[in-house]
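Residue-level structural notes
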Amino acid sequence: MDFALTDEQQAIFDMARAFGEDHIAPHARDWDAAGEIPKSLWPKLAELGFGGLFVSEAHGGTALSRLDGTLVFEALSMACPSVAALLSIHNMCGGLIDRFASDALKARLLPQMVTMERFVAYCLTEPGSGSDAAALKTRALRTGGGYEITGTKAFISGGGYADAYIVMCRTGGHGPKGISSILVEAGAEGLSFGALEDKMGWRSQPTRQVQMDACKVPLDNLIGDEGQGFSYAMAGLDGGRLNISACSLGAAQAALTQTLAYMAEREAFGQSLDRFQALQFRLADMEIRLQAARVMLRQAAWKLDTGAPDATKFCAMVKAFVTEAGSTVVNDCLQLHGGYGYLADYGIEKRLRDLRVHEILEGTNEIMRLIVSRSLVSDGQGG
């Protein structure tokens, strides 16, 4: 069993980390305050192949494995987890279109998605249906030339910012089999947006409700087949859980690295903070958490890449463990910085704010535990 990254994988990680250090980290605090990431950033990431990470090479994508993808998001999150997470959403949309859309829709969308001239957001959650996503009420009615979509999507990262939206909506009866996936492009008649949400973290990502009132969409914008939208959404969740876990891991690792440097310089009672055994034990606990998280993440990614039957369970376990480990580590780093950690200048408090939502999205960690426990009861065993 080889735990080492290949030379190519190490190069992917190093390239993403260097980009983050040069193009994201110096601006992360300003973007957080402004509430928006400049769209000029995305084509620069696309030049590295990061606009179509999970898009096939036939459509101009990079076609990375899920493990390789986690390396990109871990590295970019060292600079800013909010930016990395928004990139993850775009790539999830690209992968969904590449796998399920018609050839005509792929040809129309993917070239500009891969170059990131067009940014695409994802609309599943509604004000009344979060964890119970199959209960969504947004409805698409067939008309002569396409669909009219009516409903509201909540907590949409990129709402009012993206160039198009993949909308999960009901074309049939109740339950998951009545849900379809339809692309709604910016400027569509009947499409509007709520006010900018004032959030705890991920503040550089503009988040709004996406509102559709008899929103007119061409028939060709249906992704795949009617009634299959929910299965498409679920097919992308395992990968999304890996990506958001990688975002937590990268941000927490950066916080620990910063904290080690701070403690080596800061003195109290005649010696640097890193000489106090009690504080050394805190550092050791953080390192143990992060190393365990990294091994779990890469194992789950390997299972997803190889089509292991228990991949979904492992992705759920990783999402719960790694996102909680990341929040715990960053919170401990803030504590070890003392009052300075509470100040925006040091960047620790931003990481803590950004990571907190990772325990909620891509399925709450309570739902992750439900997935794992159901798997255990169904299998009759753990291992």
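The structure contained in this document is the topic of the report that follows. (Residues numbered from 1 in each chain as written. Predicted model: local features only at pLDDT ≥ 70, side-chain atom pairs only at ≥ 80, totals over all residues. Heavy atoms only, no water.)

**Points about the overall build of the protein chain**
A count of helices and strands for the protein chain gives 11 helices and 10 strands. At 21 Å, the protein chain has a C-alpha radius of gyration in line with the 21 Å of a compact globule built from 383 residues. Dimensions of the protein chain, computed from C-alpha atoms along their principal axes, come out at roughly 80 × 50 × 40 Å. Within the protein chain, buried positions represent 53% of all 383 residues. (Helix = DSSP H or I, 4+ residues; strand = E, 2+ residues; numbered from the N terminus. Rg over C-alpha atoms; globule rule 2.2 N^0.38 Å. Buried < 20%, exposed > 50% of the residue type's maximum accessible area, 1.4 Å probe, protein only.)

**Quick notes on the packing of helix H9 (residues 311-336) against helix H11 (residues 365-379)**
Where H9 meets H11, the axes come as close as 9 Å, and the angle between the chain directions of the two elements is 140°. For the pair H9 and H11, the sense of crossing is left-handed. For the pair formed by H9 and H11, the contact residues are Thr312, Lys313, Ala316, Met317, Lys319, Ala320, Thr323 and Glu324 on the first element and Asn365, Met368, Arg369, Ile371, Val372, Ser375 and Leu376 on the second. Its residues assigned to classes, the contact of H9 with H11 comprises 7 nonpolar, 4 polar and 4 charged. (Axes fitted to C-alpha atoms, helices over the stretch in contact; angles between N-to-C directions. Left-handed = near helix turned anticlockwise from the far one by under 90°. Contact = heavy atoms within 4.5 Å. Nonpolar A, V, L, I, M, F, W, Y, C, P; charged D, E, K, R; others polar.)

**Some details on the state of the cysteines**
Inspection of the entire model under this criterion finds 0 disulfides. Cysteine Cys80 shares no disulfide, and the gap to the nearest cysteine sulfur, in Cys247, comes to 9.5 Å. For Cys80, a relative accessible area of 1% gives the class buried. Not part of a disulfide, Cys215 finds its nearest cysteine sulfur in Cys169, a span of 9.9 Å. A relative accessible area of 0% places Cys215 in the buried class. (Disulfide = S-S within 2.5 Å.)

**Some details on the pattern of salt bridges**
Per the stated rule, a full pass over the model turns up 20 salt bridges. Note that Arg282 and Asp332 form a salt bridge whose closest N and O atoms lie 3.5 Å from each other. Of this pair, Arg282 sits in helix H8 (residues 277-306) while Asp332 sits in helix H9, and the two are 50 residues apart along the sequence. Using a relative accessible area of 14% as the deciding quantity, one classes Asp332 as buried. Between Glu349 and Arg353 there is a salt bridge whose closest N-O contact spans 2.8 Å. In this pair, Glu349 and Arg353 are both assigned in helix H10 (residues 348-356), 4 residues apart and thus about one turn of the helix distant. Across this residue pair, the class does not change: Glu349 and Arg353 are buried. Three or more residues are tied together by salt bridges with common partners; here these are Asp32, Glu349 and Arg353. (Salt bridge = Lys/Arg side-chain N within 4 Å of Asp/Glu carboxyl O.)

**A closer look at the pairing of strand S5 (residues 179-185)**
The buried count for S5 comes to 6 of 7 residues, which makes it a mostly enclosed element. Bridge analysis of strand S4 (residues 164-170) against S5 gives 7 bridges, and the strand direction is antiparallel. Paired with Cys169 across the strands is Ser180, a residue of S5. In this sheet, strand S8 (residues 222-223) lies alongside S5 in antiparallel orientation, the contact comprising 2 bridges. Bridge pairing in S8 places Ser181 opposite Ile223. (Pairing = 2+ DSSP bridges.)

Interpretation note: all reported values are geometric properties and have no functional meaning in isolation.
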